[in-house]
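Topology and contacts: notes
Each chain, written out:
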Amino acid sequence: MDLSYTPEEEDFRARLREWLAKALPGLPPKPKPEDWPGRRAYDLGWQRMLYDAGYADVHWDASPTVRLIFLEETEKAGAPYVGANFVGLLHAGPTIAAEGTEQQRARWLAPILRGDEVWCQGFSEPGAGSDLAALRTRAWRDGDDYVVSGSKIWTSHAEVADWCELLVRTNPQAPKHRGITWLAMPMEAPGVTVRPLRTLAGSAEFAEVFLDEVRVPVANRVGAENDGWRVTMVTLSFERGTAFVGEVVACRRVLGDLARVAYGNGTWDDPVLRRRLGRLNAEFRALWRLTQWNVSEAEGKGVPGVGGSVFKLRYSQARQELYDAAAEVLGPDALDLDRPWVLDRLSSLSYTIAAGTSQIQRNIVAERILGLPKGR
């Protein structure tokens, strides 16, 4: 498999670097983490800059390799992350682009790319996290609408979202994987209640969402009724396959900074720590190559394959190990929330759970890649 870049792709990289060098100095200061209205405005303002410069459409209209270059270069340059626009740009948008009707793509994709609308993800429920197909939020047809009742948890960015990619059960009698439907729900609809959840790091990245007979037009269904599990696998392939690309680049940069700090404060003299950092360097180099492999596969298939689960499984663990090493380098300062990497260490604890637990990823790898029988 050829993992090199073409001259055209390298030209795109050069043009992007030039634009970033001009655009980034003019950005306003970042809002505080707890200022979600401010963060929404900041993130969408950046998205509008990308749109006006002709770079917003790389998430869907460019090849996977160009998308990889875009994510790599923006992270290296210290550009803003997608932030509040994460679900729309990297989950819902690609899913609608792949599975939606022409009318649905026309309605939702352009506002996401322009930075006009924010999406949240309404998948997990209190009793359906790792076993997502066990979800119980009901939706039944009433004319041209679905009527939805139930609740969701860990709903990313719900407090500032305009739309929700929502999984509902439309056929309770069907086997649990076959009675699910994927809907686009307006968050302003009557009957939607949002209750933010505060994380260990002190911010409110998620929320509980309560749905009391919320009416969602049938026209907002992506895919066929009761075919939502297949559509969901498309969504999760993006989440597990390409959504963490920028974070791999960031981790490689953190690792370099960490080595420099260790050299300066004397912890570099510990041979065990040096071996640990060296092994992490090899881990992230391998993860970057795996990312390129997954992108090459997506070039042929249009969506990332199950290799994304291999990546997500190993990346989650490597990220936790990186910030554990950072705590070792920082020593007592690792308890100071104002020091670099401390909040990152707290947030890293969620990575073996978020976007599919490591146990679930191992099942996917075992069954779909290795061909092992399903557990009973």
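Residues numbered from 1 in each chain as written. Predicted model: local features only at pLDDT ≥ 70, side-chain atom pairs only at ≥ 80, totals over all residues. Heavy atoms only, no water.

Across its full length, the protein holds eleven helices and eight strands. Within the protein, buried positions represent 52% of all 376 residues. As presented, the protein carries roughly 17,600 Å² of accessible surface, and 53% of it is formed by carbon and sulfur atoms. (Helix = DSSP H or I, 4+ residues; strand = E, 2+ residues; numbered from the N terminus. Buried < 20%, exposed > 50% of the residue type's maximum accessible area, 1.4 Å probe, protein only. Areas by Shrake-Rupley, 256 points an atom, 1.4 Å probe, with all protein chains shown as cover.)

Turning next to a nonpolar patch on the surface. On the surface, Val310, Ile369, Leu370 and Leu372 cluster together into a nonpolar patch covering about 340 Å² of accessible area. Inspection of the secondary structure assignment puts Ile369 in helix α11 (residues 358–369). A residue is classified by how much of its surface remains accessible, and Ile369, at 39% relative accessible area, is partly exposed. (Patch = residues over 30% accessible without salt bridge, like charges linked within 9 Å, V, L, I, M, F, W, Y side chains within 5 Å. Salt bridge = Lys/Arg side-chain N within 4 Å of Asp/Glu carboxyl O.)

This paragraph deals with the nonpolar core. Counting residues in hydrophobic clusters, the biggest one holds 72 residues, and the most contacted among them are Trp119, Trp182, Phe284 and Leu322. At ten residues, helix α9 (residues 307–330) tops the list of elements feeding residues into this core. Beyond its immediate chain neighbours, meaning those up to four positions away, Phe284 contacts Val248, Cys251, Arg252, Leu255, Tyr315, Ala318, Arg319 and Leu322. Counting residues in hydrophobic clusters, the runner-up holds 22 residues, among them Tyr146, Val148, Leu166 and Val209. (Core = buried A, V, L, I, M, F, W, Y, C linked by side-chain atoms within 4.5 Å. Contact = heavy atoms within 4.5 Å.)

Moving on to the pattern of salt bridges. As enumerated under the stated definition, the model contains 25 salt bridges in all. In this structure, Lys22 engages Glu18 in a salt bridge whose closest nitrogen and oxygen atoms are separated by 3.6 Å. Linking Lys22 with Glu18, this pair stays in helix α1 (residues 7–23), spanning four residues, or about one helical turn. For Lys22, a relative accessible area of 63% translates into the label exposed. Note that Arg253 is salt-bridged to Glu75, the shortest N-O span being 3.2 Å. With Arg253 in helix α7 (residues 245–265) and Glu75 in helix α3 (residues 64–76), the pair connects residues that are 178 residues apart, well separated along the chain. It is possible to trace a salt-bridge network through shared partners that takes in Glu10, Arg13, Arg17, Glu72, Glu73 and Lys76.

Quick look at unusual backbone geometry now. Leaving glycine aside, a negative phi is the common case for residues, and trans is the common case for peptide bonds. Even without being glycine, His157 reaches a positive phi, approximately 60°. Along the polypeptide, His157 turns up in the loop between β3 (145–152) and β4 (163–169). Classification of His157 as buried rests on a relative accessible area of 8%. Unusually for a residue other than glycine, Asn226 sits at a positive phi of about 70°. Take Asn226: its relative accessible area is 23%, and that puts it in the partly exposed class.

This part covers the packing of aromatic side chains. Centre-to-centre distance and the angle between the planes together describe a pair of aromatic rings. A complete count under the given rule lists eight aromatic pairs for this structure. Here Trp19 and Trp46 contribute two aromatic rings whose centre-to-centre distance is 5.7 Å and whose plane-to-plane angle is 35°, an arrangement assigned as tilted. Here Trp46 lies in helix α2 (residues 36–53) and Trp19 lies in helix α1, a separation of 27 residues in the sequence. In this structure, Trp19 and Trp46 share a single accessibility class: buried. Measuring from ring centre to ring centre gives 5.9 Å for Trp119 and Trp163, while their planes differ by 25°; the resulting arrangement is stacked. (Phe/Tyr/Trp six-rings, centres within 6.5 Å; stacked < 30°, edge-to-face > 60°.)

With respect to the helices, strands and loops of the structure, Asn85 is situated in the loop between α3 and α4 (86–99). Contact partners of Asn85, with chain neighbours within four places excluded, come to Leu44, Gln47, Ile112, Glu117 and Val118.

Both strand β2 (residues 138–142) and β3 contribute to a ladder of five bridges, which runs antiparallel. When the bridges of β3 are listed, Asp142 appears paired with Asp145. Linking β2 back to β3 in an antiparallel pair, the connection comprises two residues, with Gly143 at a positive phi of about 70°. (Pairing = 2+ DSSP bridges.)

In this structure, Leu287 sits in helix α8 (residues 271–301). Between the C-alpha atoms of Leu287 and Arg314, which are 27 residues apart in sequence, the distance is 7.9 Å. Setting aside residues up to four positions removed in sequence, Leu287 forms contacts with Phe311, Arg314, Tyr315 and Ala318.

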